[in-house]
Amino acid sequence: MENMVNIYLFGKQYSVPDHLTIMRAMEYAGYQLIRGCGCRNGFCGACATIYRIKGDTQLRTCLACQTKVEEGMYVATLPFFPLVKQVYDINEVKTTEQVMMQLYPEIYACVGCNACTKSCTQSLNVMQYIAYAQRGEFELCAEESFDCVMCGVCSSRCPAGISHPQVAMLARRINGKYLAPASEHLENRVKEIENGDFTQLLEALMGKPVEEMKELYNNREIEK
């Protein structure tokens, strides 16, 4: 017999196995997930979720695919978390701190509450990479925010209305295009793709059955 816990999905009580993630528990309870489920492995940020535990007033945030259910868990989901995405041409962007002032001036209204860091589903130091962005230290901002999955939970908790993931994305784009050293290996691989060196191989792979593809993937040679 499985150990069961009582959870509440959108106000309705369900009894589910305690080893399930929130996402799996929703499916166990009969919900068909057609959005907000993404990769199911914590890398896409699509399943950002709000919950609290019965008897505790603290509101928590998480990724539903990574977080196990708890007794008395009240779960609510949103179709998306609010992010302001400014439009810009990366080829025209200047590598000075003024670009942040122009596109994301709200970062200078940061009050240092650290709510963004505390709510981050990837345990990133979000307030720190925003500080780097404020000073135009794009390499450091890019490095500190590298594992961001763009779920937007940090922004939902920010009193200044900062779109932290979009600020980080701009910093990483600036770093990748203008600041990071060129990768000879990458440039050579792009040329090989453009020359069609892998076309025949890809077509052969596309023609294989799924099970054979899985076997090839599981036994692939991984470059060091």
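See above for the structure.
Every chain is numbered independently, its residues counted from 1 as its sequence is written. With pLDDT at 70 or above as the cut-off, local features in this predicted model cover only qualifying residues; side-chain atom pairs require 80 or more to be listed or tallied, and sums for whole chains, interfaces and linings still use all residues. Based on all heavy atoms of the structure, the side-chain values leave hydrogens and waters out of the count.

Engineer: How do you make sense of the side chain of Ser 119 when you look at a structure like this?
Structural biologist: Tracing the backbone through its elements, the reader meets Ser 119 in helix H3 (residues 115–119). A relative accessible area of 7% places Ser 119 in the buried class. Here Cys 116 takes part through its backbone oxygen, which lies 3.2 Å from a polar atom of the side chain of Ser 119. Contacts were defined at the residue level, with two residues in contact if any of their heavy atoms lie within 4.5 Å. Leaving out residues up to four positions away in the same chain, Ser 119 has contacts with Thr 61, Val 153, Cys 154 and Arg 157. Under the scheme used here, helices are H or I runs from DSSP no shorter than 4 residues and strands are E runs no shorter than 2 residues, and both carry numbers assigned from the N terminus. Think of it in three bands: with a 1.4 Å probe and only protein chains considered, a residue is buried below 20% of the maximum accessible area for its type, exposed above 50%, and partly exposed in between. The term polar contact refers here to a pair of N or O atoms within 3.5 Å; inside protein, the definition further demands a hydrogen-donor-capable atom paired with an acceptor-capable atom, and it admits residues adjacent in sequence only when both atoms are side-chain atoms.

Engineer: What is the right way to look at unusual backbone geometry in this model?
Structural biologist: Where the residue is not glycine, phi is negative for most of them; where a peptide bond is considered, it is trans in most cases. The backbone phi angle of Phe 10 is positive, close to 55 degrees, even though this residue is not glycine. Structurally, Phe 10 can be placed in the loop between strand E1 (4–9) and strand E2 (12–17). For Arg 40, which is not glycine, the phi torsion reads 70 degrees and is therefore positive. Looking at the element boundaries, Arg 40 is found in the loop between helix H1 (22–28) and strand E3 (48–53).

Engineer: Can you help me understand empty space enclosed by the protein in this one?
Structural biologist: Unoccupied space between atoms shows up once a probe the size of one water molecule is rolled over them. Cavities and pockets are defined on a 1 Å grid built over the protein atoms alone: a cavity is a set of grid points where a 1.4 Å probe fits but cannot escape, while a pocket is an open set with protein on both sides within 12 Å along at least five of seven lines, and lining residues are those with an atom within 4 Å of any such point. Grid points are joined across faces, edges and corners, and a volume is the space filled by probe spheres set on the points. Summed over the entire model, instances satisfying the criterion amount to 2 cavities of 30 Å³ or more. Counted as a void, the largest cavity has a volume near 90 Å³. Looking at the largest cavity, it is lined by 14 residues, and the ones nearest its centre are Cys 120, Thr 121, Cys 148, Cys 151 and Cys 154. Breaking the lining of the largest cavity down by element, the ones donating at least two residues are helix H4 (126–134) and helix H6 (153–156). Of the residues assigned to the lining of the largest cavity, the class counts are 11 nonpolar, 3 polar and no charged. Around the second largest cavity, the lining residues are Cys 110, Val 111, Cys 113, Asn 114, Ala 115, Cys 116, Cys 158, Pro 159, Ala 160, Ile 162 and His 164. Lys, Arg, Asp and Glu make up the charged group, whereas Ala, Val, Leu, Ile, Met, Phe, Trp, Tyr, Cys and Pro make up the nonpolar group; the residues left over, Gly among them, are polar. Residues that form the lining of the second largest cavity fall into these classes: 9 nonpolar, 2 polar and no charged.

Engineer: Is there a simple way to explain the nonpolar core in this structure?
Structural biologist: Soluble globular proteins: nonpolar side chains tend toward being buried together. Ile 7, Val 16, Ile 22, Met 23, Leu 63, Val 69 and Met 73 are the most contacted members of the largest nonpolar core, which totals 27 residues. Of all elements in the fold, only E1, E2, H1, E3, strand E4 (60–63) and strand E5 (73–77) reach the threshold of two or more residues within this core. Other than its neighbours up to four places away in sequence, Met 23 contacts Leu 33, Gly 36, Cys 37, Arg 40, Cys 47, Ala 64 and Cys 65. For the purposes of this section, nonpolar cores are sets of buried Ala, Val, Leu, Ile, Met, Phe, Trp, Tyr and Cys residues that join through side-chain atoms within 4.5 Å.

Engineer: Just checking my understanding: could you explain the sheet that holds E5 for this structure?
Structural biologist: The strands making up a sheet associate through backbone hydrogen bonding, with each pair oriented either parallel or antiparallel. Read from one edge to the other, the open sheet built from 5 strands follows the order E2-E1-E5-E3-E4, with strand pairing classed as mixed. In the strand order of this sheet, the two ends are held by E2 and E4, each with one partner. On average, each strand axis in the sheet is tilted by 35 degrees relative to the strand beside it, whichever way the strands run. With 4 bridges connecting them, E3 and E4 associate as antiparallel partners. Only strands that DSSP links by at least two bridges are regarded as paired with each other. A fitted line through C-alpha atoms represents every axis, and for helices the fit uses only the stretch in contact; the resulting angles, taken between N-to-C directions, go from 0 to 180 degrees.

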